[in-house]
Amino acid sequence: MAGSWVFLANLKGIKGDLGTWLQGVLPDESNLNSINGTNHVGLWYVPVTGVPTMTNLPPYSGSANATLVVERGPASYGFTTQTYTVMGAVPARWWRQMLTGSTWSVWKRLDNASTLLADATDFDTLSGYDKTGSYYISSGTSAATMINKPAGSANGASLLVVRGGHAPSFGFTEQVFTVLSTPQRWWRTLISAGVWSDWDRIDGAGAFVLNSGHYGTPNAALIDDFKARHPVTSTGGRGAVTFRFDHGLTYLKSTIIPMLNSGGRNWKCLIAMNSRNWTKTENNGMTQAELTALIDDGHEVANHGADGNGDGTTHKEMDTKAAIWDQIVVGKQELEAQLGRTIERFVIPGTVNGMGGFTTGPSMDVYSSTYAGSVIMAFHAVFSGAFPNTRFRALDGRLKQGQAYYNIESQTVSSIKAQIDIAVSNKTALEIMLHPRNIDQPGFLSLAGLTEVFAYIDSKVSANQLVVLGNSQALMATTGPVGTELIR
């Protein structure tokens, strides 16, 4: 037979007094870490006047009266908990425990309100079960001091929500950061100890900034503008060479630019430049105004990443989305502001870590499927790369993307001449590239060797076998008459 509950009686009686449970007023200058004995068990009243004198209170104890409840197991076990409740207009409740000895856990907030974050808080430290909860930043001034908040997020009153699994077995954490005034929202996760994912913007407005693979439309518009500025030209049935120099403005000004203009030449070059490297020795011999004047004279400047490394290198590693955005997009914006001219080209800097899988830009697929590649496409009409078999570029009047180049600085003069001969015989375009700072350095091409290469190009031009084109011209040139490239 199934059992059932049976009402027996209304049990009533004298409750008696609470005895020592009501402990009275917590003394001034109390250290809450020491309120852990069996003689402390019970409810304490914490007057507002005593709060400023006490230590090891919860992070927000407020200027208000409070209660402290101390609970403890038998003396042989020693487990103790404290619950601290702020009373008044802005209530709050906190809890912590002590398992052994005198080691307390951190205070954990129990109510649903947010806790004020101290200036210079490192967001990376807010992980795990004991840090779960909601935090707020009161002002833009305070937000600007925070460490490891999303790069590019506005500085303003903000909320940070931390959710975590129970440590240590499930120490997974997620953070959602919301800027209230703008507004903006960002998200990231922590799976293994100390390794946070990149911040992703999730409010919709940031999708263009942080999701890869969706940049076909803006790049197509940039290409249309590029073609309008650089119409198809004809080589008259001849091959072509074009020049690219990566930074090294000091040597460019003193030596190479005069060579491009000597002996009746009027050769134009592409200069790959970093917006934060003007003071480096290889660049400080030319001013921003002088480089702008070169642009106005027909030379071109490409974004080569912001860089800013202090170790003398010019190819700063890009380990995160924030770093990629800073180097590629912010670098372009800085360079445009410095020169007062539109920058429509991107020249890939060599990196060790490969820019998040982008590496050298070996295919169109890597551009559309990686964050770095998609950002490059979104903000530049034309970009370099390492597409296979593109050292010698077809002269068919069609825009070329991701083209490879020929670095001559470590080559012999005879090898360089042989490559020029291939461009002549195949009627293709060859991009000749070098770092000016390496000229006359051990193991690199000498100035005498470069002079000989230029003279060889002169001879091919005089023989009506070769033309020297500006870099953008070479991307759009045709061997036939202008207009025939449109007839297929």
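Anything mentioned here points back to the structure above.
Let me begin by describing the structure that accompanies this report. Note that the structure is a prediction, hence the values are computed from the model and not measured. Every chain is numbered on its own, with residues counted from 1 as its sequence reads. Given that the model is predicted, a residue must reach a pLDDT of at least 70 before its local features are reported, and side-chain atom pairs must reach 80 or more before they are shown or counted; all residues, however, enter totals for whole chains, interfaces and linings. Side-chain measures here rest on the full set of heavy atoms in the structure, leaving out hydrogens and waters.

Comments concerning the overall build of the protein chain
Right, on to step 1. Along the backbone of the protein chain there are 12 helices and 21 strands.
Right, on to step 2. Within the structure as shown, the protein chain displays about 23,200 Å² of accessible surface, and the carbon and sulfur contribution to it stands at 57%. Under the DSSP-based scheme used, a helix requires at least four consecutive residues in state H or I and a strand at least two consecutive residues in state E, with every element numbered from the N terminus. Shrake-Rupley sampling with a 1.4 Å probe provides the accessible areas, and residues are treated as covered by the protein chains on show and by no other component.

As for the sheet that holds strand β7 (residues 115–116)
Across a sheet, strands are paired by hydrogen bonds formed along the backbone, either parallel or antiparallel in direction.
Right, on to step 1. Here a strand pair is declared whenever DSSP counts at least two bridges between the two strands. Read across the open sheet, the 6 strands follow the order β7-β8-β9-β10-β11-β12; overall the sheet is mixed. In this open sheet, the two strands that pair with only one neighbour each are β7 and β12 (200–201).
Right, on to step 2. The pairing of strand β10 (residues 173–179) with strand β11 (residues 184–190) spans 7 bridges and is classified as antiparallel. Paired with Q175 across the two strands is R188, which belongs to β11.

Looking at the sheet that holds strand β2 (residues 42–46)
Right, on to step 1. If you trace the 6 strands from one edge of the open sheet to the other, you get β1-β2-β3-β4-β5-β6, paired in mixed fashion. Each end of this open sheet is capped by a strand with a single partner; those strands are β1 (22–25) and β6 (108–109).
Right, on to step 2. Direction of pairing for strand β3 (residues 66–72) relative to strand β4 (residues 80–86): antiparallel, over a ladder of 7 bridges. Pairing of V70 across the sheet is with Q82, part of β4.

Considering the side chain of R244
Right, on to step 1. With respect to the helices, strands and loops of the structure, R244 is situated in strand β13 (residues 239–246).
Right, on to step 2. A polar contact of 2.8 Å, which involves the side chain of R244, links it to the side chain of D246.
Right, on to step 3. Any two residues whose heavy atoms approach within 4.5 Å are treated as being in contact. In this structure, R244 is in contact with L270, V347, Y405, E431, I432, M433, L434 and N471, ignoring residues within four places of it in sequence. Pairing of N or O atoms within 3.5 Å defines a polar contact, subject to two protein rules: one partner must be a possible hydrogen donor and the other a possible acceptor, and residues neighboring in sequence count only if both atoms are side-chain atoms.

A few points about the nonpolar core
Right, on to step 1. With 42 residues, the main nonpolar core has F243, L260, L291, V301, I420, L450 and I457 as its most contacted residues.
Right, on to step 2. Here this core gets 7 residues from one element, more than from any other, and that element is helix α4 (residues 249–260).
Right, on to step 3. Not counting the four nearest positions on each side in its chain, L260 is found in contact with F243, F245, R265, N266, W267, C269, H299 and F454. Take the buried Ala, Val, Leu, Ile, Met, Phe, Trp, Tyr and Cys residues and link them wherever side-chain atoms come within 4.5 Å; each set so joined is a nonpolar core. We call a residue buried when its accessible area falls under 20% of the maximum for its residue type, exposed when it is over 50%, and partly exposed in between, using a 1.4 Å probe and counting protein chains only.

Digging into helix α11 (residues 447–462)
Right, on to step 1. Spanning 16 residues, α11 covers 22 Å between terminal C-alpha atoms, matching the ideal 22 Å at 1.5 Å per step.
Right, on to step 2. Along α11, the positions that sit buried rather than exposed are G449, L450, V453, F454, Y456, I457 and K460. One side of α11 carries all its buried residues, which in axial view fall inside an arc of 155 degrees. For α11, exposure combined with an orientation more than 90 degrees from the buried face picks out A448 and S462.
Right, on to step 3. Those residues of α11 that are buried are in contact with β13, α4, α10 (413–426), β20 (429–434) and β21 (466–468).
Right, on to step 4. The positive-phi residue at the C-terminal boundary of α11 is N464, with phi of around 60 degrees. Given a helix with a known number of residues, its expected span is that number minus one, times 1.5 Å. Here, the arc refers to the directions that run from the helix axis to the C-beta atoms.

Thoughts on the pairing of β4
Every regular strand shows the same layout, with side chains that alternate between the two sheet faces.
Right, on to step 1. The buried count for β4 comes to 7 of 7 residues, which makes it a mostly enclosed element.
Right, on to step 2. Here β4 shows no split at all, with T80, Q82, Y84 and V86 on one side and T81, T83 and T85 on the other all buried.
Right, on to step 3. As paired elements, β4 and strand β5 (residues 92–98) share 7 bridges and run antiparallel to each other. What sits directly across from Q82, in β5, is R96.
Right, on to step 4. Linking β4 back to β5 in an antiparallel pair, the connection comprises 5 residues, with G88 at a positive phi of about 110 degrees.

Section: unusual backbone geometry
Right, on to step 1. Unlike most non-glycine residues, M355 shows phi in positive territory, near 55 degrees.
Right, on to step 2. According to the relative accessible area criterion, M355 is buried, its value standing at 0%.
Right, on to step 3. Its identity is not glycine, yet D440 carries a phi of approximately 70 degrees, on the positive side.
Right, on to step 4. Along the chain, the position of D440 falls in the loop between β20 and α11.

Observations regarding the pattern of salt bridges
Right, on to step 1. The rule for a salt bridge is simple: a side-chain nitrogen of Lys or Arg has to be within 4 Å of a carboxyl oxygen of Asp or Glu. Inspection of the entire model under this criterion finds 21 salt bridges.
Right, on to step 2. Where K460 meets D421, a salt bridge forms, and the shortest distance between an N and an O atom there is 3.8 Å. Separated by 39 residues along the polypeptide, K460 in helix α11 and D421 in helix α10 bring together distant segments of the chain.
Right, on to step 3. Residue K460 is classed as buried on the basis of its relative accessible area, which comes to 17%.

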